[in-house]
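The chain contents come next:
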Amino acid sequence: MKTIRIGAGQGFYGDSFLPAIETAKRGNVQYICFDSLAELTLAILQKDRQRDPSRGYAADIGRMMRELLPIAKAQGIRIITNAGGMNPIGAMQETERIAQELGLTGLKIAVVTGDDVRSKLPEFMSQGAPLSHMEDGRDIRMIEERIVFANAYLGAEPIVKALQQGADVIITGRTTDSALFLAPLMVEFNIEADDWNRLAQGVLMGHLLECSGQASGGNFSGDWQAVEALEHIGFPIAEVREDLTFMVTKTEGTGGLVSVDTVKEQLLYEIHDPAAYVTPDVVLDLMGVKLSDAGPNRVEVSGACGSIRPDTLKVVMGYADGWLGQAIWGYSWPDALAKAQTADRIVRRHIDRIGLRYEELRTDYLGYNSLHGPLAKLPQEGELNEIYVRLAMRTKSKDDAAALGRLVPPLMLSGPPAMGAFLGVMKPRELLGMWSCLAPRELIEQGVQVTVVEV
């Protein structure tokens, strides 16, 4: 029976690519897929693009390609990544430049475009798409004039087309995470776009691999202290059979752990309705999924079911949403928390006194409640060794955000004792709000293109 081995290369923009190099060298894989895009990542890349229109893609793609391309070319490994972000053509050009510098020839690089739909929003609305917020139903007109980007989640089909054209490297913008991994299976095993159960099993495989080390012992909430050599973690590999049942494993000799429990945690990660996990390619039903221990660092996965894909695609937008002003400073024992709370009260009274305008104001006490919020409790002895205050303000103007930082330095001599670790007047930062909605897939997919260049 034919089998295909697919490796996870990255779980987010900024993730280490060293395990991917290890997988390429010793993992006996035919594909490595890099998921670089969280929803927040698009906002980060948009700010990069605002500073320099030639940017907007994941900046670590250059270092990754420089290390990986020679190995992949020598071993016939195909690379798929959504690191193109807001500018997939720019990412393709950077990859092409690096390949030329390395003297690699006969390399086909494909780029998928068409997920950027900002300019098409008026057309979508004229065609009857309301674009209202998919969670609370808010009207798009609330933010329409402030939208700075809008990208649709594409499925596997354009990646399939790129593979069918012989692409060795495929770079996309916003796709679903699982689509990167599903596309090779559709090509290798001739899966039709309406073979819902096999597509569901492929999406499940992609979901288990998309977060890199999280399925192989990283971020594990079980017996995490028993996970060996996290500093040398091996990212997961799926060994997929023609019937689409598959084994999750990792490169032999690497750190981490692949077990039923580590895979199970990833299985449930970011799943709202396990009976109806909606993707552009298929609606996945996880209720019958079985995880079986198949030996050290080997877990067999089967049982996914699927139903017809949706007629809409998710679109994520970013819109200008004011400015962030913030300051961080600390106090030490004794009375660290009391000092921090007094300092917060002083600054808030100064804010009221000068009439500083803000939309939102919040205080976190790092070391006490910044993670647990209202559930935070003092240690049994009732004293904290040290505490940091983070005071953050959202304003409509940059000048108002900057004013917050100027209210903190006077506390050094005119506040509670022993203020320390003041990080300075932090520069205001522009905020982007996020808006998610649904749009008819035919309106989006008619603008999707696949372009292949050869080095």
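The structure presented is a predicted model; accordingly, all values stated were derived computationally and were not measured.

Each value, and the rule that gives it
Residues numbered from 1 in each chain as written. Predicted model: local features only at pLDDT ≥ 70, side-chain atom pairs only at ≥ 80, totals over all residues. Heavy atoms only, no water. Helix = DSSP H or I, 4+ residues; strand = E, 2+ residues; numbered from the N terminus. Rg over C-alpha atoms; globule rule 2.2 N^0.38 Å. Buried < 20%, exposed > 50% of the residue type's maximum accessible area, 1.4 Å probe, protein only. Contact = heavy atoms within 4.5 Å. Areas by Shrake-Rupley, 256 points an atom, 1.4 Å probe, with all protein chains shown as cover. Lys, Arg positive; Asp, Glu negative; His and termini not counted. Charge placed at Lys NZ, Arg CZ, Asp CG, Glu CD. Salt bridge = Lys/Arg side-chain N within 4 Å of Asp/Glu carboxyl O. Axes fitted to C-alpha atoms, helices over the stretch in contact; angles between N-to-C directions. Parallel < 35°, antiparallel > 145°, perpendicular 65-115°, else oblique. Left-handed = near helix turned anticlockwise from the far one by under 90°. Nonpolar A, V, L, I, M, F, W, Y, C, P; charged D, E, K, R; others polar. Phe/Tyr/Trp six-rings, centres within 6.5 Å; stacked < 30°, edge-to-face > 60°. Core = buried A, V, L, I, M, F, W, Y, C linked by side-chain atoms within 4.5 Å. Pairing = 2+ DSSP bridges.

A. Spotlight on the overall build of the protein. Of regular secondary structure, the protein possesses 13 helices and 19 strands. At 25 Å, the protein has a C-alpha radius of gyration in line with the 23 Å of a compact globule built from 455 residues. Its C-alpha atoms give the protein principal-axis dimensions of roughly 75 × 55 × 50 Å. Within the span of the protein, comprising 455 residues, buried residues form 52% of the whole. Across the protein, the fraction of contacts at a sequence separation of at least 24, relative to all contacts at a separation of at least 6, is 78%. Within the structure as shown, the protein displays about 20600 Å² of accessible surface, and the carbon and sulfur contribution to it stands at 49%. Considering the protein, the positive charge centre built from 45 side chains and the negative charge centre built from 59 side chains are found 6 Å apart.

B. Structural context of the pattern of salt bridges. The tally for this structure, following the rule as stated, stands at 23 salt bridges. Residue arginine 51 is joined to aspartate 48 by a salt bridge in which the shortest nitrogen-to-oxygen separation is 2.6 Å. With arginine 51 and aspartate 48 both in helix 2 (residues 39-51), this residue pair falls three residues apart, about one helical turn. Overall, the relative accessible area of 64% leaves arginine 51 in the exposed class. Here aspartate 195 makes a salt bridge to arginine 198, at a shortest N to O gap of 3.6 Å.

C. A look at the packing of helix 1 (residues 18-26) against helix 3 (residues 61-75). Across the interface, helix 1 lies against helix 3 with an axial gap of 9 Å and an inter-helix angle of 20°. The pairing of helix 1 with helix 3 is recorded here as roughly parallel in orientation. Crossing hand, helix 1 versus helix 3: left-handed. The residues of helix 3 that touch helix 1, namely those facing Ala20, Ile21, Ala24 and Lys25, are Glu67, Leu68, Ile71 and Gln75. Its residues assigned to classes, the contact of helix 1 with helix 3 comprises five nonpolar, one polar and two charged.

D. Quick peek at helix 7 (residues 177-188). Counting buried positions over the twelve residues of helix 7 gives ten, a clear majority of the element. Among the residues of helix 7, Asp177, Ser178, Ala179, Leu180, Phe181, Leu182, Ala183, Pro184, Leu185 and Met186 are the ones counted as buried. Next to the buried residues of helix 7 lie strand 1 (3-10), strand 2 (31-34), strand 3 (78-81), helix 6 (157-164), helix 8 (196-209) and strand 7 (236-241). Just downstream of helix 7 lies asparagine 190, where phi reads positive at about 50°.

E. Structural context of the packing of aromatic side chains. Enumeration according to the criterion identifies one aromatic pair in this entry. For the ring pair tyrosine 319 and tryptophan 435, a centre distance of 6.5 Å and an interplane angle of 80° mean the geometry is edge-to-face. With a gap of 116 residues between them, tyrosine 319 in strand 14 (residues 312-332) and tryptophan 435 in strand 18 (residues 429-440) connect regions that are remote in the sequence.

F. Spatial organisation of the nonpolar core. Residues Leu204 and Met317 are the most contacted members of the largest nonpolar core, which totals 71 residues. Here leucine 204 is in contact with Phe246, Leu267, Leu284, Leu286, Val289, Val301 and Ala304, once residues within four sequence places are set aside.

G. Quick look at the sheet that holds strand 1. Taken together, ten strands build an open sheet; the order of strands is 11-12-8-7-1-2-3-6-4-19 and the sheet is mixed. The sheet is open, and its two borders are formed by strand 11 (290-293) and strand 19 (449-454), each paired with just one other strand. With strand direction ignored, the average angle separating the axes of adjacent strands in the sheet is 20°. Note: strand 4 (residues 108-113) against strand 19, six bridges, orientation antiparallel. Along strand 19, the bridge assignment pairs isoleucine 109 with valine 453. Lying on the sheet, helix 1 is in contact with strand 1, strand 2 and strand 7; it crosses strand 2 at an angle near 170°. Each of strand 8 (246-250), strand 11 and strand 12 (299-302) touches helix 9 (residues 260-268); the most contacted strand, strand 11, lies at about 160° to it.

H. Region of interest: the sheet that holds strand 10 (residues 283-285). Spatial strand order, 9-10-13: three strands in an open sheet with antiparallel pairing. Bordering the open sheet on either side are strand 9 (277-278) and strand 13 (305-307), each of which pairs with just one other strand. In the sheet, strand 9 pairs with strand 10 via two bridges, with the strands oriented antiparallel. In the sheet register, tyrosine 277 faces strand 10, and the bridge partner there is leucine 284. Packing of helix 8 onto the sheet brings it into contact with strand 9, strand 10 and strand 13, and relative to strand 13 it is tilted by some 115°.

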